Amino acid sequence: PGDGSDVSILLNLSGPPPPDVSTNPAWQAWNKALNVKLNFQFYAFADLAPKFGTLIASNDLPDIISTLTRQDIPLTPELFDAKAADLTPYVSGDAIKDYPNLAALPTRAWKGMVFNNKIYGVPIPTPYSEFFWWPLIHQELLDAQNIQQPKTTDDYKKMMVALTKPQQNVFGVITQGGYQYSYDVNTGNGWYPAMFGAPNLWSVDSSGKFSHQWETDNYKQALAYAVDLYKAGIFHPDSASFNVITASQAFQGRKGAFVDTGLSPAFWDIRGTPAVGLNPPNNINLLTPPAAPGFKPQYFTGRPAFGIAFFKKAPDARIKLLLRVLDYIAAPFGSEEYLLINYGVKDRDWQFDAKGNPVTTKDAQTDFGGVASFLATLTGRYQVLFSGADPDFAKRIQGYEKILAPISVEDPTIGLFSATQASKGVQLIQKFGDGITDIVAGRRPLSDLGGLVSDWRSGGGDQSKTEYQQAYAASK
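Along each chain, residue indices are assigned from 1 in the same order as the chain's sequence is written. It should be noted that, the model being predicted, local features are given only for residues of pLDDT at least 70 and side-chain atom pairs only at 80 or more, the latter also being counted only at that level, while totals for whole chains, interfaces and linings use all residues. Water and hydrogen atoms play no part in the side-chain values, which are based on all heavy atoms of the structure.

1. Structural notes on helix α2 (residues 48-58)
1) Next: Classification of residues uses two cut-offs on accessible area relative to the type maximum, computed with a 1.4 Å probe and protein chains only: under 20% is buried, over 50% is exposed, and between them is partly exposed. A helix here means a DSSP run of H or I that spans at least four residues, while a strand means a run of E at least two residues long, and both kinds are numbered starting from the N terminus. Three or more residues of α2 are buried, namely Leu48, Phe52, Leu55 and Ile56. Here the buried residues of α2 occupy an arc of 95° about the axis, which is enough to place them on one side. Opposite the buried face of α2, at more than 90 degrees from it, the exposed residues are Pro50, Thr54 and Ala57.
2) Next: Next to the buried residues of α2 lie β1 (6-13), β2 (37-44), β3 (64-68), α3 (77-83) and β14 (305-311). Taking the helix axis as origin, the arc is that swept by the directions to the C-beta atoms. The contact criterion used is simple: two residues touch if any of their non-hydrogen atoms lie within 4.5 Å.

2. A few points about the layout of surface pockets
1) Next: Lining residues are those with an atom within 4 Å of a point, where the points come from a 1 Å grid over the protein atoms alone and group into cavities, where a 1.4 Å probe fits but cannot get out, or pockets, open sets with protein on both sides within 12 Å along at least five of seven lines. Grid points are joined across faces, edges and corners, and a volume is the space filled by probe spheres set on the points. One number sums up the size of the second largest pocket: a volume of about 270 Å³.
2) Next: The class makeup of the residues in the lining of the second largest pocket is 8 nonpolar, 4 polar and no charged. Under the scheme applied here, ten amino acids are nonpolar (Ala, Val, Leu, Ile, Met, Phe, Trp, Tyr, Cys and Pro), four are charged (Asp, Glu, Lys and Arg), and all others, including Gly, are polar.

3. Overview of empty space enclosed by the protein
1) Next: If you walk through the whole model with that rule in mind, you get 3 cavities of 30 Å³ or more.
2) Next: Space inside the largest cavity adds up to approximately 70 Å³.
3) Next: Trp133, Pro135, Asn189, Gly190, Trp191, Ala194, Asp260, Gln298, Tyr299 and Phe300 together form the lining of the largest cavity.
4) Next: For the lining of the largest cavity, the elements supplying multiple residues, two or more each, are α9 (191-195) and β13 (299-300).
5) Next: Its residues placed into classes, the lining of the largest cavity shows 6 nonpolar, 3 polar and 1 charged.
6) Next: In this structure, the second largest cavity spans a volume of roughly 40 Å³.
7) Next: Together, Leu428, Lys431, Phe432, Leu452, Asp455 and Trp456 line the second largest cavity.
8) Next: For the lining of the second largest cavity, the secondary structure elements donating two or more residues are α17 (419-440) and α18 (449-475).
9) Next: When grouped by side-chain class, the residues that make up the lining of the second largest cavity number 4 nonpolar, no polar and 2 charged.

4. Notes on the environment of Pro280
1) Next: If you trace the backbone, Pro280 turns up in the loop between α12 (267-270) and β12 (284-286).
2) Next: Judged by its relative accessible area of 42%, Pro280 falls in the partly exposed class.
3) Next: Separated by 136 residues in sequence, Pro280 and Ala144 have C-alpha atoms that sit 9.4 Å apart.
4) Next: Among all residues touching Pro280, those that are not within four sequence positions of it are Glu140 and Arg254.

5. A word on unusual backbone geometry
1) Next: Of note, Asn59 is a non-glycine position whose phi angle comes to about 65°, a positive value.
2) Next: Following the sequence through the fold, Asn59 ends up in the loop between α2 and β3.
3) Next: Assessed through its relative accessible area of 57%, Asn59 is described here as exposed.
4) Next: A positive phi is found at Asp184, a non-glycine position, where the angle reads about 65°.
5) Next: The buried category is assigned to Asp184, whose relative accessible area is 0%.

6. Focus on the pattern of salt bridges
1) Next: Take a side-chain nitrogen of Lys or Arg and a carboxyl oxygen of Asp or Glu: if they are within 4 Å of each other, that pair is a salt bridge. On inspection of all chains with the given rule, the structure shows 17 salt bridges.
2) Next: Close ionic contact of Lys157 with Asp228 constitutes a salt bridge, the shortest N to O distance being 2.8 Å. Within this pair, whereas Lys157 is found in helix α8 (residues 153-163), its partner Asp228 is found in helix α10 (residues 217-231), the two being separated by 71 residues in sequence.
3) Next: Between Lys465 and Asp462 there is a salt bridge, with the nearest N and O atoms lying 3.9 Å from each other. Taken together, the residues Lys465 and Asp462, both in helix α18 and 3 residues apart, mark about one turn of the helix.

7. A look at the sheet that holds strand β7 (residues 134-138)
1) Next: Two strands qualify as a pair provided DSSP detects at least 2 bridges between them. Pairing within the open sheet is mixed, and its 4 strands lie in the order β8-β11-β7-β12. At either margin of the open sheet sits one strand with a lone partner, and together these are β8 (171-174) and β12. Pairs of neighbouring strands in the sheet enclose a mean axial angle of 25°, with direction left out of account.
2) Next: In this structure, β7 lies alongside strand β11 (residues 256-261), joined through 4 bridges in antiparallel fashion. Residue pairing in the sheet places Pro135 in a bridge with Asp260 of β11. The convention used is that axes are lines fitted to C-alpha atoms, helices contributing only their stretch in contact, and that angles between N-to-C directions extend from 0 to 180 degrees.

8. A closer look at α17
1) Next: End to end, α17 covers 31 Å across 22 residues, agreeing with the expected 32 Å (1.5 Å per residue, within 8%).
2) Next: Bend is computed residue by residue as the angle between axes fitted to the seven residues ending at the residue and the seven residues starting at it. Largest kink in α17: about 60°, centred on Gly425.
3) Next: Just beyond α17, the residue with positive phi is Gly442, at close to 85°. The span expected for a helix works out to 1.5 Å for each residue beyond the first.

So this is what it looks like as structure tokens:
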């Protein structure tokens with residue numbers, strides 16, 4: 001796909017940086033296969049927002065900028081118009097046929113790349129498309145007490161109380177801390193609002209009028225329910241300090257019976273399930289979402305794209321070259337290109353096991369700076385369920401998806417843009433979420449919800465609503 005030229009890339013890493021290309025056989029093999037010289041500017045996951053801001057302010061952009069689509073990353077039409085290449089002529093309509101692997105990325109993920117009716121990036125889809133959040137339960141704990149999966153919120157509370165055994169350091173629920181989660185009652189995953197019929201962040205009626213989850217009586221009921229659960233002692237006492245990784249690790253170690261996590265379910269199959277020393281061993285299962293009386297079960301879909309790769313402005317031939325590079329990286333499952341990009345050099349970084357599955361070696365951890373190929377994170381690919389460590393993985397996860405898909409609820413703002421949400425969203429959500437956390441934990445009364453909603457509306461919530469309504473009307 002390349003022409004022998006250098007291609008500079010900004011890329012975030014979840015682990016330590018890999019060895020330089022001069023001592024990295026995988027990186028060397030990628031350069032040869034792509035016929036380019038990949039030059040990476042690596043930055044740590046924790047440094048994402050400040051690094052991105054510094055880069056944009058410098059005007060010295062690399063060819064490809066890869067970043068997460070997150071509230072604290074100002075991905076605005078003004079930024080893209082000024083700094084980025086408009087990819088619309090290259091990837092819209094029949095033009096995308098020149099890049100078949102990119103064409104295979106989910107349509108839902110591409111919607112998140114549209115700003116002012118222009119396509120400004122290639123999506124990095126979430127690993128399982130709309131199935132971002134996974135409500136997982138230790139089935140072995142249910143089986144030990146002959147507890148059935150709950151159908152109602154009353155069942156759910158009774159189950160969690162029964163599973164909470166502080167003397168054994170086991171609690172009903174493990175949750176992530178922080179304002180975006182607030183004991184799973186805020187926008188992070190909305191686990192409890194979904195039980196009470198609340199919308200997935202926003203709803204829109206037939207006239208095009210938008211309403212936010214926080215403004216509904218459904219949300220107030222969900223918050224009161226979470227307060228009641230906290231009083232019942234079912235939350236792990238360290239929940240407020242957990243992040244997604246540490247919460248999942250605590251769940252894997254059976255410190256709690258349930259977690260609603262955004263971490264890929266492959267975590268439970270590839271990273272040591274069953275956990276060493278647990279008796280009986282882990283048996284991780286999906287918890288089918290229950291509902292409050294009078295409501296139907298709901299599952300809130302997650303964000304459409306985990307990240308975006310956009311290009312700095314460049315001549316036509318250069319844009320096409322960069323798209324060919326990404327198209328190669330997005331090679332389909334099982335192909336030689338896929339194995340090279342995702343696993344590295346055969347017989348050094350990976351080998352086939354007795355059943356024909358690629359298995360990584362210790363050299364791969366050295367070459368990649370961790371346990372996964374950093375180049376593979378630059379874009380997504382057509383999604384396939386696979387685990388070389390667990391032959392039942394694909395069937396089980398597909399079974400989970402068949403349960404969740406019929407009850408899934410989408411956020412109608414996907415593909416729409418609000419300048420106010422982009423500029424003030426983090427501050428507004430943080431203030432609201434901190435208040436909700438205090439209410440759940442009993443440090444503030446439930447009656448404070450009204451004031452928090454009013455502050456959100458006057459601080460920018462109403463303006464965000466107006467902008468979404470205008471964008472929605474313009475898209476029709």
